[in-house]
Amino acid sequence: MKGTKPQKAFLRIRPDSDTAVVPLTSGGQRHDLFVELFTDIIRDLFALDVPQASAPPTGRKVFAGYEKWARVYENTVLRLDYADTADGRPGVTVTMRGGLAK
């Protein structure tokens with residue numbers, strides 16, 4: 001039996017116009033489909049503009065403050081090592097333990 005493709009739901013709420021739109025997408029380019037299709041639908045049906053996606057700030061560390069969680073977590077089946085990667089981004093190394101390690 002094959003699994004289903006990843007699904008993603010988008011929730012957009014505009015309380016000032018009593019509007020909620022919740023498309024459920026599946027398959028490949030889910031976000032691109034939402035942007036291309038539902039931006040027009042929301043604009044045409046509700047006369048609302050969908051804001052552009054935000055971008056991470058430039059010139060500063062985007063993941064600032066996560067360091068308090070950067071450590072080793074482990075149990076009998078796996079070990080998670082959280083630490084910065086070579087490019088300064090947060091990363092995790094997963095090591096299977098016990099019977100699952102084989």
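The model shown is predicted, which means the values in this text are computed figures rather than measured ones.

Caption draft 1: Structural detail: the packing of aromatic side chains. Enumeration over the complete set of coordinates arrives at 3 aromatic pairs. Seen from their ring centres, phenylalanine 10 and phenylalanine 34 are 4.3 Å apart, and the 5 degrees between their planes marks the pair as stacked. Separated by 24 residues along the polypeptide, phenylalanine 10 in the loop between strand 1 (7-9) and strand 2 (12-14) and phenylalanine 34 in helix 1 (residues 30-46) bring together distant segments of the chain. Accessibility assignment for this pair places phenylalanine 10 and phenylalanine 34 in one class, buried. Where tyrosine 73 meets tyrosine 82, the ring centres are 5.7 Å apart and the plane angle is 85 degrees; that geometry is what we call edge-to-face. An aromatic cluster is defined as three or more aromatic residues linked by ring pairs; in this entry it consists of Phe10, Phe34 and Phe38.

Caption draft 2: Focus on the pattern of salt bridges. In this structure the tally under the stated criterion is 4 salt bridges. The salt bridge involving aspartate 40 is made with arginine 43; its shortest N-O contact spans 3.1 Å. With aspartate 40 and arginine 43 both in helix 1 and 3 residues apart, this pair spans about one turn of that helix. In this structure arginine 43 comes out as partly exposed when scored by relative accessible area, which is 37%. Here glutamate 74 makes a salt bridge to arginine 97, at a shortest N to O gap of 2.6 Å. Linking glutamate 74 in strand 5 (residues 72-74) with arginine 97 in the segment after strand 7 (90-96), this pair joins segments that are 23 residues apart in sequence. Judged by its relative accessible area of 33%, arginine 97 is partly exposed. A network of salt bridges, in which partner residues are shared, links Glu74, Arg79, Asp81 and Arg97.

Quick notes on the rules
- Here the residue index of a chain counts from 1 through its sequence in written order.
- Residues qualify for local features only when their pLDDT is at least 70, as the model is predicted, and side-chain atom pairs are given and counted only at 80 or more; totals for whole chains, interfaces and linings, by contrast, use all residues.
- Calculated side-chain values reflect all of the structure's heavy atoms, with hydrogen atoms and water omitted.
- Only rings of Phe, Tyr and Trp enter the pairing, Trp through its six-membered ring, and a pair is recorded when the two centres are within 6.5 Å. The plane angle decides the type: under 30 degrees is stacked, over 60 is edge-to-face, the rest tilted.
- Helix and strand labels come from DSSP, where a helix needs a run of H or I of at least four residues and a strand needs a run of E of at least two; each type is numbered from the N terminus.
- With a 1.4 Å probe rolled over the protein chains alone, any residue whose accessible area is under 20% of its type maximum counts as buried; one over 50% counts as exposed, and the rest are partly exposed.
- Throughout this description, the term salt bridge denotes a Lys or Arg side-chain nitrogen within 4 Å of a carboxyl oxygen of Asp or Glu.

Such coordinate-based values are descriptive only and should not be taken to indicate function.
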